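Descriptive analysis of the structure
What follows is each chain in one-letter form.
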Amino acid sequence: MSHGNRFLFRNGVVLPAADTPSVAAFLESHPGAYTTTRTHNNGTELLFWERHLDRLSNSFKLLLKHNPKLLSKTPDFELSNRAMMWDSAIRSLVDDSMRKAMPFFVNERRFGEEMAITALLSGNSENLDMSEGGFGEEKTSEGLDLYFHVGRYVLPVFGLGENAARLAVVGRGRDFANAKYSDWVRLRKPLEKLRPPSVTELLLSNDGERILEGCLTNFFVVCRKEKGQDSNTLGQNELPNLRRIEIQTAPLRDGVLPGVIRQVIIDICFKIGIHFREVAPMWSNRDLWTEAFITNSLRILQHVETIQAPNEWKSIESNTWEEITWVEKRFEQDCPGRITSILQKAIMEEAGVEAFSITSFHRR
């Protein structure tokens, strides 16, 4: 009932093996709002599940209000917004589907194995046609399809030099970035022609100066506040004076995705006293960057080894990466910096605090 290590559920029912594409192919062919997380602690818990439910619901509501064509293949897709409690309606739909899917999920996974889980909420075109396009609260589930794409996930070991991220700034920021929607998988594909060899993630910028985010990640730098301090003079076990550094990432108003781990990091920095500023990291200030890292809900946090950017921003209109002259920022340490390591540890501790057992669906 699966394709290799992948499973696909529609409204809690597992689909035939032949219908189980890769997650990228699945998202490219199914419009809708989605979120991706993974299991934790030998497959027994879901990482930041409540936050992901909120993100799925928020993305759906934003798309429904401002860009409903991204939710369905039906051109005139619409759902009634009258007195709708979308958060509770979507949660009920998710819980019902997970209760049905969980026995299969538990039986198929192997002990100690983690799974990546993508939940996609899409307009149900067939039922919309039958009902002439309108659904009230009592028929919400009939107007939507909830898919779960599940695949085995091998965790990269944090801290190894070979697992460092290598980034390149290649394209402009996304439209409607405050919602997570599947059509972005198709829209970002043209950027691949500008990916230099060995680069593991592509960064977005509208001007080549202010870096927004990655195609699949949020982007952060640890930046010195004082230009006179050498970024390479800190010893391996020496914690920089927290008053002299700040963490920077682009604000949501600049057009970046409100990532789940992004918000976890903001919460942690506030809690432990690391100065955090929502401002797009400036490429011209790269000599002040002592560390950089990227985040998403699968990798959690990945330290950066190198960042490349075009010498001239207009060259991103080139046909291939070979036509671009690149400037590189290289971080000297071959392992995560001190601040990056502190945040990684704090994130995993918070994951334990917010742990959501997969058996919880049986009790709902």
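Before reading on, note that the structure itself is shown above.
A brief structural summary. (Residues numbered from 1 in each chain as written. Predicted model: local features only at pLDDT ≥ 70, side-chain atom pairs only at ≥ 80, totals over all residues. Heavy atoms only, no water.)

When its secondary structure is counted, the chain shows eight helices and 16 strands. Across the 364 residues of the chain, 53% fall into the buried class. Relative to all contacts within the chain whose residues are 6 or more apart in sequence, the contacts with residues 24 or more apart total 77%. With the model as given, the accessible surface of the chain reaches about 16900 Å², and the carbon-plus-sulfur share is 49%. (Helix = DSSP H or I, 4+ residues; strand = E, 2+ residues; numbered from the N terminus. Buried < 20%, exposed > 50% of the residue type's maximum accessible area, 1.4 Å probe, protein only. Contact = heavy atoms within 4.5 Å. Areas by Shrake-Rupley, 256 points an atom, 1.4 Å probe, with all protein chains shown as cover.)

Glancing now at the packing of aromatic side chains. For the structure on display, the rule yields seven aromatic pairs. Pairing W283 with W289 gives two aromatic rings, centres 6.0 Å apart and planes at 65°, and the pair type is edge-to-face. Neither W283 nor W289 differs from the other in exposure class; each is buried. A network of ring pairs unites the aromatic residues F219, W283 and W289 as a single cluster. Taking the ring centre of F331 as reference, the NZ or CZ of K329 above it sits at 5.1 Å. (Phe/Tyr/Trp six-rings, centres within 6.5 Å; stacked < 30°, edge-to-face > 60°. Lys NZ or Arg CZ within 6 Å of the ring centre and 35° of its normal.)

On a regular strand, one side chain projects to one face of the sheet and the next to the other, so that they alternate. Buried residues dominate strand β11 (residues 245-249), accounting for five of its five residues. Residue alternation in β11 divides its side chains into two sets, I245, I247 and T249 and E246 and Q248, and both sets are buried. Here strand β10 (residues 218-224) pairs with β11 via four bridges, running antiparallel. In the sheet register, C223 faces β11, and the bridge partner there is E246. In this sheet, strand β12 (residues 276-278) lies alongside β11 in parallel orientation, the contact comprising three bridges. Bridge assignment links T249 to a residue of β12, and that residue is E278. Crossover connection from β11 via helix α7 (residues 260-272) to parallel β12: handedness right-handed. (Pairing = 2+ DSSP bridges. Right-handed = clockwise from strand over helix to strand, strands pointing away.)

This brings us to the pattern of salt bridges. In this structure the tally under the stated criterion is 18 salt bridges. Here R51 ties to D267 by a salt bridge, and the two come within 3.3 Å at their closest N and O atoms. Here R51, found in helix α2 (residues 49-66), pairs with D267, found in helix α7; they are 216 residues apart in sequence, far enough to count as distant. A salt bridge links E354 to R51; the shortest N-O distance between them is 2.8 Å. With a gap of 303 residues between them, E354 in the loop between α8 (338-353) and β16 (356-357) and R51 in helix α2 connect regions that are remote in the sequence. (Salt bridge = Lys/Arg side-chain N within 4 Å of Asp/Glu carboxyl O.)

With respect to the helices and strands, A179 occurs in the loop between β7 (165-171) and α6 (184-187). Take A179: its relative accessible area is 1%, and that puts it in the buried class. Distance from A179 to S57, taken between C-alpha atoms, is 9.7 Å for residues 122 residues apart in sequence. Discounting residues that sit within four places of it in the chain, A179 has contacts with S59, L62, L63 and L257.

The backbone of N11 sits at a positive phi, close to 50°, despite the residue not being glycine. Of note, N11 is situated in the loop between β1 (6-10) and β2 (13-14). In this structure, N41 takes a positive phi of about 60° despite not being glycine. Owing to a relative accessible area of 40%, N41 belongs among the partly exposed residues under this scheme.

Moving on, we get to the nonpolar core. Of all hydrophobic cores here, the largest spans 66 residues; its most connected members are W49, F60, V94, F148, F219, W289 and I307. In terms of residue count, the dominant contributor to this core is helix α3 (residues 86-108) (10 residues). The contacts of F219, once residues within four sequence positions are left out, are L167, L203, I211, E213, Q248, T249, P281, W289, A292, F293, I294 and I307. If you look at the next biggest cluster of nonpolar residues, it comprises 23 residues, including F48, V222, F293 and A351. (Core = buried A, V, L, I, M, F, W, Y, C linked by side-chain atoms within 4.5 Å.)

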